[in-house]
Amino acid sequence: MVASASNMARQVLDATDIKRAVTRITHEILEKNRNSDDLVLIGIPTRGDELAARIAAKMSEVEGKTISFGSLDITMYRDDLRMRPARGLEPTSIPEDIDGKVVVLVDDVLMSGRTIRAALDALNDHGRPRAVQLAVLVDRGHRELPIRADFVGKNLPTSMSERVQVRLSLTDDADDSVTITGGEE
Amino acid sequence: MKHLLSTRDLSREDATLILDTAQELLAVAERPVKKLPTLRGRTIVNLFYEDSTRTRISFEAAAKRLSADVINFSAKGSSVSKGESLKDTALTLQAMGADAVVIRHSASGAPHLLAESQWMRGAVVNAGDGTHEHPTQALLDAFTMRRHLGELDGKNIVIVGDVLHSRVARSNAYLLSTLGANVTLVSPPTLFPVGIETWPVATSYNLDASLESADAVMMLRVQNERMNASFFPSAREYSRRYGLNAQRVAKLAEHAIVMHPGPMNRGMEITADVADSDRSVIVEQVTNGVAVRMAVLYLLLSGSQTPEAIES
């Protein structure tokens, strides 16, 4: 890890690391689920949807068939709506009927677990999957709800005062990276 | 944005945010569970001093799809018929804890009065006031146009009919020009309001001349209940000069759509075959109305209203 001045951004993952993590998560999902017939990858915007698309592309390549993916906006299900100004919505596109399927939720950073709780509620209104699993690029701890990820790109123990910034090429129009800013050392 | 009183107050950013939000909410109608938990525990009062079918039902459906509690109030059969004032009704609603009031009133400016008074703290949504504005109708019209025509910049929109009494025309004129469209109002000279030259629109007395370049034609209802003078010689002459019939539709460009805010006077401003043709998006306007009103209620009610939170 590159140590630098306390308020400078520290890069913890670069584009190659993220690519490797996506590949590893892809294989772990396939390993855990044995067959990919019933798998649907659903990303949480913003960035979770891009990651879901990448995992689906990798998985389609490995399996030799098309794995479907989609996105699920959870804004309307958040538990902090009354504490913040109203915000715009992100796209939701559920690629197929999810009843009886195995849905893998994909997000960029897992922290409090509240986003995932909202996503589980949202998913419930779209159908009844046989199972729901969770894949995240970064798990930074500080959980506030009994939720854990099944597939983790990188465990990144951080302090609450730090900020983890994920950048992905399509969403952010920048090179893939994960950086930490803030915090005192 | 705390209230939605007129489209004149809406910036392009606000209007686009509402339309984009509605775009996402439209899909809720397609889901197995057509309900979002967002406004759970909020109370919305539909305060209707004037008759309405689709606007009231549409607001009610929108509020219910967001899980809000809805109280419907219509002036008929309430204490208003005993002479209760708007102020006392508002105080009652405040005492009952209404988080938002959707108001339709025959007096222009009633929603402004309600919003600016200290009678109640909730958000006020104008659902049509007199001959002034009907902002959610204009938003759903713009939304419907955007779905068929793409972004509205530079699009030619022709609005035909009783502009004088039409709150729909006024709201659309301001909203569509804010969104970059070229609006032409077509009407008999007697049915243009005083001061029309200050509106951001072009005007014409000749419908046929405006049709060829139109991307959308919106027919306005001839409001018989407000016709207290002879604005035109006869219904027949009106419909011959300003009604939309199959011959006129044939002049339209292939992609152009026909709209009407409802309720229609079939045979007056629009013929039945045009209203039911595949050019007509009149039924779709109603579907879109629910999504647009959900977006408005969500944006007004869901967030924190404290100024600090809005700045951060």
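Residues numbered from 1 in each chain as written. Chains lettered and ligands numbered in written order. Predicted model: local features only at pLDDT ≥ 70, side-chain atom pairs only at ≥ 80, totals over all residues. Heavy atoms only, no water.

### Considerations on the environment of Glu225 of chain B
Residue and element names in this part refer to chain B.
So, step 1. Checked against the element boundaries, Glu225 lands in the loop between strand E8 (216-219) and helix H8 (235-242).
So, step 2. When its relative accessible area of 53% is taken as the criterion, Glu225 is described as exposed.
So, step 3. Considered as a pair, Glu225 and Thr203 are 22 residues apart in the sequence and their alpha carbons are 25 Å apart. (Helix = DSSP H or I, 4+ residues; strand = E, 2+ residues; numbered from the N terminus. Buried < 20%, exposed > 50% of the residue type's maximum accessible area, 1.4 Å probe, protein only.)

### So, unusual backbone geometry
So, step 1. Cis rather than trans, the peptide bond between Pro45 of chain A and Thr46 of chain A has omega equal to -10 degrees.
So, step 2. Across the junction of Gly262 of chain B and Pro263 of chain B, the peptide omega takes the value -10 degrees, indicating a cis bond.
So, step 3. Along the chain, the position of Pro263 of chain B falls in the loop between strand E9 (257-259) and helix H10 (272-275).
So, step 4. The backbone of Arg47 of chain A sits at a positive phi, close to 90 degrees, despite the residue not being glycine.
So, step 5. Position of Arg47 of chain A among the secondary structure elements: in the loop between strand E2 (39-43) and helix H2 (48-63).
So, step 6. For Arg47 of chain A, a relative accessible area of 16% translates into the label buried.

### Some details on the nonpolar core
So, step 1. Among the nonpolar cores identified, the biggest contains 89 residues, and Ile44, Leu139, Met145, Ile159, Leu176, Leu185 and Leu297 of chain B are the most heavily contacted of them.
So, step 2. Top element by residues in this core is helix H11 (residues 282-301) of chain B. It accounts for 11 residues.
So, step 3. Each of domain 1 (7-134 + 288-311) and domain 2 (135-286) of chain B accounts for three or more of the residues forming this core.
So, step 4. In terms of nonpolar packing, the next biggest core, distinct from the first, is built from 29 residues, Val22, Leu39, Val104 and Val178 of chain A among them. (Core = buried A, V, L, I, M, F, W, Y, C linked by side-chain atoms within 4.5 Å. Domains from an automatic or database assignment.)

### Re the sheet that holds E2 of chain A
Residue and element names in this part refer to chain A.
So, step 1. As summarised here, the arrangement of the 5 strands in space is E3-E2-E4-E5-E6, forming an open sheet in which the pairing is parallel. Every other strand in the sheet has two partners, leaving strand E3 (69-71) and strand E6 (151-155) as the edge strands with one partner each. Neighbour-to-neighbour, the strand axes of the sheet open up by a mean angle of 25 degrees, direction not taken into account.
So, step 2. Where H2 meets the sheet, it contacts E2, E3, strand E4 (102-110) and strand E5 (131-139), and its direction lies at approximately 150 degrees from that of E2.
So, step 3. Across the face of the sheet, helix H3 (residues 114-124) comes into contact with E2, E4 and E5 while running at roughly 155 degrees to E4. (Pairing = 2+ DSSP bridges. Axes fitted to C-alpha atoms, helices over the stretch in contact; angles between N-to-C directions. Contact = heavy atoms within 4.5 Å.)

### Quick notes on the interface of chain A and chain B
So, step 1. Contacts between the two partners involve 17 residues from chain A, matched on the other side by 20 residues from chain B.
So, step 2. Overall, the association of chain A and chain B removes approximately 1,600 Å² of surface from exposure, summing both partners, and the carbon and sulfur fraction of that is 60%.
So, step 3. When the buried area of chain A at its contact with chain B is split by residue, Met76, Arg82 and Asp125 of chain A rank highest and sum to 35% of it.
So, step 4. Linking chain A to chain B there are 1 salt bridge.
So, step 5. In this structure, Asp125 of chain A and Arg31 of chain B form a salt bridge, with 3.6 Å as the shortest nitrogen-oxygen distance.
So, step 6. For the pair chain A and chain B, the interface holds 6 residue pairs in polar contact (both at pLDDT 80 or more).
So, step 7. In the side of chain A that touches chain B, the residues fall into 8 nonpolar, 4 polar and 5 charged. (Buried area = accessible area lost by both parts, 1.4 Å probe. Salt bridge = Lys/Arg side-chain N within 4 Å of Asp/Glu carboxyl O. Polar contact = N/O pair within 3.5 Å; in protein donor to acceptor, adjacent residues only side chain to side chain. Nonpolar A, V, L, I, M, F, W, Y, C, P; charged D, E, K, R; others polar.)

### Some thoughts on the domain arrangement of chain B
Residue and element names in this part refer to chain B.
So, step 1. Per the domain assignment, the segments of chain B are domain 1 (7-134 + 288-311) and domain 2 (135-286).
So, step 2. Each of domain 1 and domain 2 has a C-alpha centre, and these two points are 26 Å apart.
So, step 3. Taken together, the contacts link 33 residues of domain 1 with 31 residues of domain 2.
So, step 4. Approximately 2,800 Å² of surface area, both sides summed, lies buried where domain 1 meets domain 2, with 56% of it carried by carbon and sulfur atoms.
So, step 5. At the boundary of domain 1 and domain 2, one finds 3 salt bridges.
So, step 6. With its nearest N and O atoms 3.0 Å apart, the salt bridge here joins Arg167 to Glu50.
So, step 7. Across the contact surface, domain 1 and domain 2 share 18 residue pairs in polar contact (both at pLDDT 80 or more).
So, step 8. Those elements that provide at least two residues to the side of domain 1 that touches domain 2 are helix H1 (12-25), helix H2 (54-65), strand E3 (100-105), strand E4 (123-129) and H11.
So, step 9. It is H1 that provides the largest number of residues to the side of domain 1 that touches domain 2, a total of 8 residues.
So, step 10. Considered class by class, the residues forming the side of domain 1 that touches domain 2 number 11 nonpolar, 13 polar and 9 charged.

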